[in-house]
Amino acid sequence: MAKFLVRNLFSMFVTMFLVSLVLFFLLEVAGGDVTVRLLGVFATPEQRESLRRQLGLDAPAWQRYVDWLIGSDWRAQQLSPYPLTMAPNPQTGEQEWWTEVDGVLTRWRMVEGELLAIQRTPDGREVTSPASVPWTTDETGAEVFWGVDTRNNLVKWVRGSDLEVLVLSKAGVRSERGGPQQYIPLRKGIVRGDAGMSLQTNRPVSATIFSRAANSLILAAAAFVLVMPLALFFGVLAGVNEGKPLDRIISITGLGFTATPEFVVGVFLILIFGIWLRWLPATAVFLTGDAIFRDPKILVLPVLTLMAAEFGYVARITRASMVEVMQSPYIRTAFIKGLPRRRIIFRHALRNALMAPITVVMLQINWLIGGVIVVEVLFGIPGLGSYIYDAAIFGDFNAVAAAAMLTVLIAVMTRLIGDMLYTYLNPRIRFA
Amino acid sequence: MTTAATTPEMDKRPSLLRQVRDALDLVFSSRTAMVGLAIALFWLGVGLLSLFWTPYPPNAQMFSANQPPNAANWMGTDHLGRDIWSRIMAGTQVVLLKTRLSADPPIVIPGGVAIWGVIGAVVVGGLLGVNAGYRGGIADQIIMQILDAFIAFPVIVLYLVIVTSLGRGDLIVIAAITITGSPGVARLVRGLTLDIKTRDYIRAAETRGESKWYIMLREILPNARGPILVDAMLRVGYAIFAIGTLGFLGLGLPPPDPDWGSMVNDARKYIYANPLAVAWPALAIATLVIGVNLFADGLREEIMRYQR
C-alpha cells in the first residue's frame, strides 16, 4: 500500500508539473492582449508597452514561469538593498509587500522626479517623506535604486532618467517621467499559495479564490450526496432487470440526462419551476457571503441540474456492474441452490456490484467540475466556476491560471483517493 | 484470435457495397441505434435543406421582437425580431455542414466544426497512441505522461484556457475539440495497439523488413478501426455538446451565422418576456446530442455482442 501511495503521489507531482507547464504556455500565447483589455482599444502602442513593462511581461517567458511557480521574491531579494517582507494592509487585511529599513516598513513612490519614502508607523498610519536611499552606480554610470513601490512591485529607479512611464490609475492613464525603469511583480509563487494579483480586480487572487471554491464545494457536495443513493438505486434496479422494459426506461432516461448539456437541463428547469410555476427563484442572488445557508431555496435548481447530469452516468456504471455480477458463476450457483432471488440480490450481488460505481464515480470528477462551471454561470452563483469563467472572458491570466490549477489539483487528488479506495476495497487489485 | 485457412475468396477484400450493407445490418439490428440514426439524420436533413431554403433569411430582422409562436413564425421570433425556426435550421450548418475558415473574404469548407474537431482528435490522438503503443519504452512513457497532464484538466477548464489564449473562431473551436479529445483517443488507440502488436501478421511485417511507420499506419491502425470509429461517433456527440456549451458561455462560434448555444445564451436574457425562445434551441441541441449518442451507443452494443 505504501509503495502504491508513493508511486501515485510521484506520478501526481509529475502530472501537476506538466499541467503547470501546459497551462502557463497556453496562456502565454495571450500575453499581449490583456493590455488592450486594461487600457481599452484606443490605447497607444507606447501606453501598452509601458503597461506591459509594469506587469513584468517584458521578462523572458521562462523567467515569468519560474516567478509564477515558486515566486519572484528570491530573485528580488538579491537586488534589493533592504530585506523584503510582507505585512497585512490595515484596511483590507490583504498581504502587501514592504521592505524593512531599520525596522520600519517602507515603500517608495516617485512624484515629479522625486523619490518619496512611505513609512508605516506601528499604529498603522503611513507617513510620507522625501527619501534618502543608497543609490548605487551601475555599469552604464547611472544611479539606480531597487525598492518596493505601492503596487507590490520591486522597481528599478534610475535618478535623472527621462524615460516616460504611463501608469494606469483609477482616473485613467497618468504620465510619470524620470524614474522607474524595470518592474518585478513580487509574488510568492503558486506552490507557496500566492497566485499573484488579479488583473481584473487588482486584488490578490488567493484572497478571493478560496471563498469562491467553498461555494462551489457546497453546491457540488449537495448534488453528489443527493444523487448517489438515487442513481445507485435505479442502476441496481435496471441491472437486475436487464433487458426488461424497466431497464430500458431507466437506461434511456439516464442516457438522455447524461447526453443533454447541463445548461439545457438548467434552462428547462428555470422555465418550468422558475417562470411557469414560480415555485423557485430562477437565479441565485448572493446578497451576503452565507446566502446559501440563509436561503437554501436558491440552491434547489442548480443542485437539480447537476444531479441530472450525474444521474445517468452513475446509474449506467451501476447497471453495468450489476449486470456483470449477476452473470457471474457464484450468483448462478446461488440460484441453482434454490436461494430466493431477493436474498441473492441483497446478500450476494449488491456488495460486489456497488464497489465499482462508488469508486469509479470519483474518477469522473472532471465531469462534475465542468457541470459546476456551467451551472454557476447559468444561475449566477459566485463559485470557483464562475470565477474562472469571468477571468477567462477578461483575459485575466493570473486568475485563470490559479483557478485552473486549483480545479486540476482537486480533480487529481480526488482521483488519487478514488484509486486508493478502489485498491483498498478490492483485494484482487491490492494483492495483484 | 482465430486463425482461418486462407481460401481464394478470403484473399479478396469484400466489395464496398458489401461493407456498407454489413454496416447497415449492424445498425438495423439495434433499435437504439436506429432511433439515434433517425434523429441525427433528421437534423442532417434539416441542415441540408437550410442550405437552399429556410422560411425566412436566418439573419433578417424582419419581424417584431420576442413574438410567441404564431402562423407566420412557427417558433416565434427572437430578441432582434428574427425567425427562430429559420435560425434553428441554419444552426445545424456550423455544427455539421460547414466551417468558416475566414470571415473576410468568406472562405467556407464543407464539414461542420464538430466533424472537423473529431477528425482532428482522431488523427492526432491516433498517431500519438499508435506511436506510444508500438514503440513502447521511453517514447510511450513521455507521450502518455504528457497526455495525462491534458486529461487531468476538466474539459471546460481547458476550453476556457484555450479560448482565453487563442480567441474566438471556428478554427479555434476545432483546435479546442482536437486538444481536448486527442488524449482520450490516444489512450484507446494505445490499448488497441498493445493488443494488435502481438499478432502474427505484425511479426510477419517486421520480418519482411517494413518500416515502423508502414507497420503503424498500414497494419495496426486499419485493424483497430472498428473501436476507433465507434469512439469517434461518441466524440461527435461530445463535440456537439461542447460546441453548445461554449456557445452558451458566449465563447462559441462567432456570428453572424446562427449557433444554437449562442441562441440559448441570447434568449435567456429575455426569458421572462419570451420563455419559449430559449427552449427551442436548447431542445435542438439536446435532441441532436442524444440522437448521436444513441446511435453510437447502440452501435457499440451491437459490436460488443459479436465480440463476446
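This one's a predicted model, so the numbers in the text were calculated from it and none came from an experiment.

Enquirer: Any details on the interface of chain A and chain B? Residues and values, ideally.
Expert: In this complex, chain A contributes 50 residues to the contact, which on the side of chain B involves 44 residues. Both faces considered, chain A and chain B share a buried interface measuring about 4,000 Å² in area, 78% of it formed by carbon and sulfur atoms. If you sort the residues of chain A by the area they bury against chain B, A:Leu26, A:Ala259 and A:Phe263 come out on top, with a joint share of 13%. Between the two partners, chain A and chain B, sit one salt bridge. When the shortest N-O distance is used, the salt bridge between B:Asp297 and A:Arg316 registers 2.8 Å. Counting across the interface, chain A meets chain B through four residue pairs in polar contact (both at pLDDT 80 or more). Residue assignment for the side of chain A that touches chain B shows that the elements contributing at least two residues are helix 1 (2-28), helix 7 (245-259), helix 8 (262-276), helix 13 (365-379), helix 14 (384-394) and helix 15 (397-425) of chain A. Split into classes, the residues belonging to the side of chain A that touches chain B amount to 36 nonpolar, nine polar and five charged.

Enquirer: Can you break down the pattern of salt bridges residue by residue, with the values?
Expert: Residues and elements named next belong to chain B. Applying the stated criterion across every chain, the model contains eleven salt bridges over all chains. Its salt-bridge partner being Asp-140, residue Arg-190 comes within 2.7 Å of it at the nearest N-O pair. Of the two residues, Arg-190 sits in helix 8 (residues 170-196) while Asp-140 sits in helix 6 (residues 137-151), which places them 50 residues apart along the sequence. Accessibility expressed as a relative area gives 23% for Arg-190, which makes it partly exposed. Arg-208 is paired through a salt bridge with Glu-210; the nearest N and O atoms lie 3.0 Å apart.

Enquirer: Which residues make up the side chain of B:Ser262, and what values do they have?
Expert: All names here are of chain B. Tracing the backbone shows Ser-262 in helix 12 (residues 260-267). Here Ser-262 falls in the buried class, since its relative accessible area comes to 17%. For Ser-262, the side chain forms a polar contact with the side chain of Asp-259, separated by 2.7 Å.

Enquirer: Summarise the sheet that holds strand 7 (residues 143-148) of chain A; cite the residues concerned and give the values.
Expert: Paired through their backbone hydrogen bonds, the strands of a sheet run either parallel or antiparallel. Residue and element names in this part refer to chain A. Read across the sheet, four strands follow the order 6-7-8-11 without closing on themselves; strand pairing throughout is antiparallel. Strand pairing shows two members of the sheet lacking a second neighbour, strand 6 (136-137) and strand 11 (180-185), which therefore form its edges. Examined bridge by bridge, strand 8 (residues 153-158) and strand 11 share five bridges and lie antiparallel to one another. By the bridge assignment, Leu-154 is partnered in strand 11 with Ile-184.

Enquirer: Give a description of the packing of helix 1 of chain A against helix 4 (residues 61-70) of chain A that names residues and reports values.
Expert: Residue and element names in this part refer to chain A. It is the contact of helix 1 with helix 4, at a shortest axis distance of 11 Å, that shows an interaxial angle of 130 degrees. When the interaxial angle is binned, helix 1 and helix 4 end up oblique. Where helix 1 crosses over helix 4, the handedness of that crossing is right-handed. Between helix 1 and helix 4, the contacting residues are Phe-17, Ser-20, Leu-21, Phe-24, Phe-25 and Glu-28 on the first element and Ala-61, Arg-64, Tyr-65, Trp-68 and Leu-69 on the second.

Enquirer: Quick one: what's the story with a nonpolar patch on the surface, residue by residue and with numbers?
Expert: Residue and element names in this part refer to chain B. Together, Leu-41, Leu-44, Leu-48, Leu-49, Leu-51, Phe-52 and Trp-53 give the surface a local cluster of nonpolar side chains, amounting to about 720 Å² of exposed area. Here Leu-51 shows up in helix 3 (residues 31-52). We classify Leu-51 as partly exposed; its relative accessible area is 43%.

Enquirer: Tell me about the packing of helix 14 of chain A against helix 15 of chain A, and please be specific about residues and values.
Expert: All names here are of chain A. Orientation of helix 14 relative to helix 15, taken along the N-to-C sense of each, is 145 degrees, at an axis distance of 8 Å. Every pair of crossing elements has a handedness; the one defined by helix 14 and helix 15 is left-handed. In contact with Leu-384, Tyr-387, Ile-388, Ala-391 and Ala-392 of helix 14, helix 15 contributes Ala-399, Val-400, Ala-403, Ala-404, Leu-406 and Thr-407. Along the lines of polarity and charge, the residues of the contact of helix 14 with helix 15 split into ten nonpolar, one polar and no charged.

Enquirer: Outline the environment of B:Val108, listing residues and values.
Expert: Take B:Val108: it is sitting in strand 2 (residues 107-110). C-alpha of B:Val108 to C-alpha of B:Gly298: the two residues are 190 residues apart in sequence and 33 Å apart in space.

Enquirer: Could you give an account of helix 3 of chain B, with specific residues and numbers?
Expert: All names here are of chain B. Between its terminal C-alpha atoms helix 3 stretches 32 Å, which fits the 32 Å expected from 22 residues at 1.5 Å a residue. Those residues of helix 3 not exposed but buried are Thr-32, Ala-33, Gly-36, Ala-40, Trp-43, Val-46, Gly-47 and Ser-50. Along the axis of helix 3, the buried residues cluster in a sector spanning 160 degrees; they form a single face. Facing away from the buried side of helix 3 by more than 90 degrees, the exposed set consists of Arg-31 and Phe-52.

Enquirer: Tell me about the nonpolar core, and please be specific about residues and values.
Expert: Residues and elements named next belong to chain B. Grouped together as the largest cluster of nonpolar side chains are 136 residues, with contacts concentrated most on Ile-88 and Ile-240. Beyond its immediate stretch of four places on either side in the chain, Ile-88 contacts Trp-43, Met-75, Trp-260, Met-263, Trp-280, Pro-281 and Ala-284. Ile-202, Ile-215, Ala-224 and Ile-228 belong to the second-largest nonpolar core, a separate cluster that totals 14 residues.

Enquirer: Any chance you could break down the environment of B:Ala205 for me, citing the residues and the numbers?
Expert: All names here are of chain B. In this fold, Ala-205 is placed in helix 9 (residues 200-208). Between the alpha carbons of Ala-205 and Trp-43 there is a distance of 44 Å; along the sequence they are 162 residues apart. Residue contacts for Ala-205: discarding those within four places in its chain leaves Glu-210, Ile-215 and Glu-219.

What counts and how
Residues numbered from 1 in each chain as written. Chains lettered and ligands numbered in written order. Predicted model: local features only at pLDDT ≥ 70, side-chain atom pairs only at ≥ 80, totals over all residues. Heavy atoms only, no water. Contact = heavy atoms within 4.5 Å. Buried area = accessible area lost by both parts, 1.4 Å probe. Salt bridge = Lys/Arg side-chain N within 4 Å of Asp/Glu carboxyl O. Polar contact = N/O pair within 3.5 Å; in protein donor to acceptor, adjacent residues only side chain to side chain. Helix = DSSP H or I, 4+ residues; strand = E, 2+ residues; numbered from the N terminus. Nonpolar A, V, L, I, M, F, W, Y, C, P; charged D, E, K, R; others polar. Buried < 20%, exposed > 50% of the residue type's maximum accessible area, 1.4 Å probe, protein only. Pairing = 2+ DSSP bridges. Axes fitted to C-alpha atoms, helices over the stretch in contact; angles between N-to-C directions. Parallel < 35°, antiparallel > 145°, perpendicular 65-115°, else oblique. Left-handed = near helix turned anticlockwise from the far one by under 90°. Patch = residues over 30% accessible without salt bridge, like charges linked within 9 Å, V, L, I, M, F, W, Y side chains within 5 Å. Areas by Shrake-Rupley, 256 points an atom, 1.4 Å probe, with all protein chains shown as cover. Expected span 1.5 Å × (residues − 1). Arc of directions from axis to C-beta. Core = buried A, V, L, I, M, F, W, Y, C linked by side-chain atoms within 4.5 Å.

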